[in-house]
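# Coordinate inspection notes
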Amino acid sequence: MGFVPEEMAARTGEDGIAEEDGPQPLERPKQHEMSPDEDKPKPPLVRIHSECYTGETAWSARCDCGEQLDEAARLMSLHGGGVIVYLRQEGRGIGLSEKLKAYNLQDLGSDTVEANLLLRHPADARSYGLATAILLDLGCGGDQGIRLLTNNPHKVRAVEGPNREVIVRERVAMIPLAWKHGGKRGIHSREIEQYLSTKIGKMGHMISD
Ligand SMILES: [Zn+2]
């Protein structure tokens, strides 16, 4: 878990994030000339990231976790800071050694969901109660809410908690850099494309704005 320090904010939202906190003009308009919402701070950007040793440390071509973690930090550095909650639940919660077994099954033709099920694990064994508690501890509860960087609709509901202790005001899609830049940037491979299409087809991920 950690904070990204507040840095220069971007004027434009190349990343699809609505952001109005650009560099401050020399003369600010008088308070009464502004609409009430103009000075209201935007909800903080938040990334709940589950550990992926193979993707983040070894940059395996099986998944885009390393890119997602880097991209989340980059977006926060451009848009006034944010919160990354790093959860130790490797391999969607089944652990590193079981994940490597699942990779072997994928080499034999299973997709990422089928491989977990063949090993008698849930398709996704992660939970987010700890992330909700950490966000509350950091003062991210209440009406202001958060902007959550994710493609996973289940994560949005889970992070909010049973009584919506944390409110996700906006979901910001994590679109693979290779998709956004025609394969010229970001990690891309046949395995990642299969992995992403399984996430969309079987796990309901929404990889679009
Ligand atoms: Zn991964």
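Residues numbered from 1 in each chain as written. Predicted model: local features only at pLDDT ≥ 70, side-chain atom pairs only at ≥ 80, totals over all residues.

### So, the overall build of the protein chain
Within the protein chain one finds eight helices and five strands. Going from N to C terminus, the protein chain has its helices and strands arranged as β-β-α-α-β-α-α-α-β-α-β-α-α. Within the span of the protein chain, comprising 209 residues, buried residues form 26% of the whole. Residue pairs in contact within the protein chain that sit at least 24 positions apart in sequence constitute 66% of those at least 6 positions apart. (Helix = DSSP H or I, 4+ residues; strand = E, 2+ residues; numbered from the N terminus. Buried ≥ 20, exposed ≤ 12 C-beta atoms within 10 Å, placed from the backbone. Contact = placed C-beta atoms within 7 Å.)

### What about the nonpolar core?
Grouped together as the largest cluster of nonpolar side chains are 20 residues, with contacts concentrated most on Val-46, Leu-135 and Leu-149. Secondary-structure elements contributing two or more residues to this core are β2 (45-50), α2 (65-78), β3 (82-87), α5 (129-137) and β4 (146-149). The greatest single-element share of this core, amounting to four residues, is contributed by α2. If near-sequence neighbours (up to four positions away) are discounted, Leu-135 is found in contact with Val-46, Val-85, Cys-140, Gly-141, Ile-146 and Val-166. Membership of the second largest hydrophobic core comes to five residues, among which are Cys-52, Cys-63, Ile-192 and Leu-196. (Core = buried A, V, L, I, M, F, W, Y, C linked by C-beta atoms within 7 Å.)

### What to know about the pairing of strand β5 (residues 168-172)
Pairing analysis gives four bridges linking β4 to β5, with the strands arranged parallel. The partner of Ile-146 across the bridge, within β5, is Val-168. Between the parallel pair β4 and β5, the chain is carried across by helix α6 (residues 153-160), and the sense of this crossover is right-handed. (Pairing = 2+ DSSP bridges. Right-handed = clockwise from strand over helix to strand, strands pointing away.)

### Here we look at the environment of Arg-164
The topology assignment puts Arg-164 in the loop between α6 and β5. We classify Arg-164 as exposed; it has 12 C-beta atoms within 10 Å. Each C-alpha atom, one on Arg-164 and one on Thr-132, is 9.5 Å from the other, the two residues being 32 residues apart in sequence.

### Things to note about the environment of Ala-178
The topology assignment puts Ala-178 in helix α7 (residues 177-180). Note on Ala-178: 19 C-beta atoms within 10 Å, which makes it partly exposed. For the pair formed by Ala-178 and His-188, sequence separation is ten residues and the distance between their alpha carbons is 6.2 Å. Excluding its chain neighbours within four sequence positions, the residues that come into contact with Ala-178 are Gly-183, Arg-185, Gly-186, Ile-187 and His-188.

### Structural notes on helix α3 (residues 96-107)
The end-to-end C-alpha distance of α3 is 17 Å, a good match for the 16 Å that twelve residues give at a rise of 1.5 Å each. Directly after α3, the chain includes Gly-109, whose backbone phi takes a positive value near 120°. (Expected span 1.5 Å × (residues − 1).)

### Things to note about the environment of Met-76
Of note, Met-76 is situated in helix α2. With 24 C-beta atoms counted inside 10 Å, the residue Met-76 sits in the buried group. For the pair Met-76 and Pro-44, spaced 32 residues apart in the sequence, the C-alpha separation amounts to 8.9 Å.

Functional significance is not addressed by these values, which are geometric in nature.
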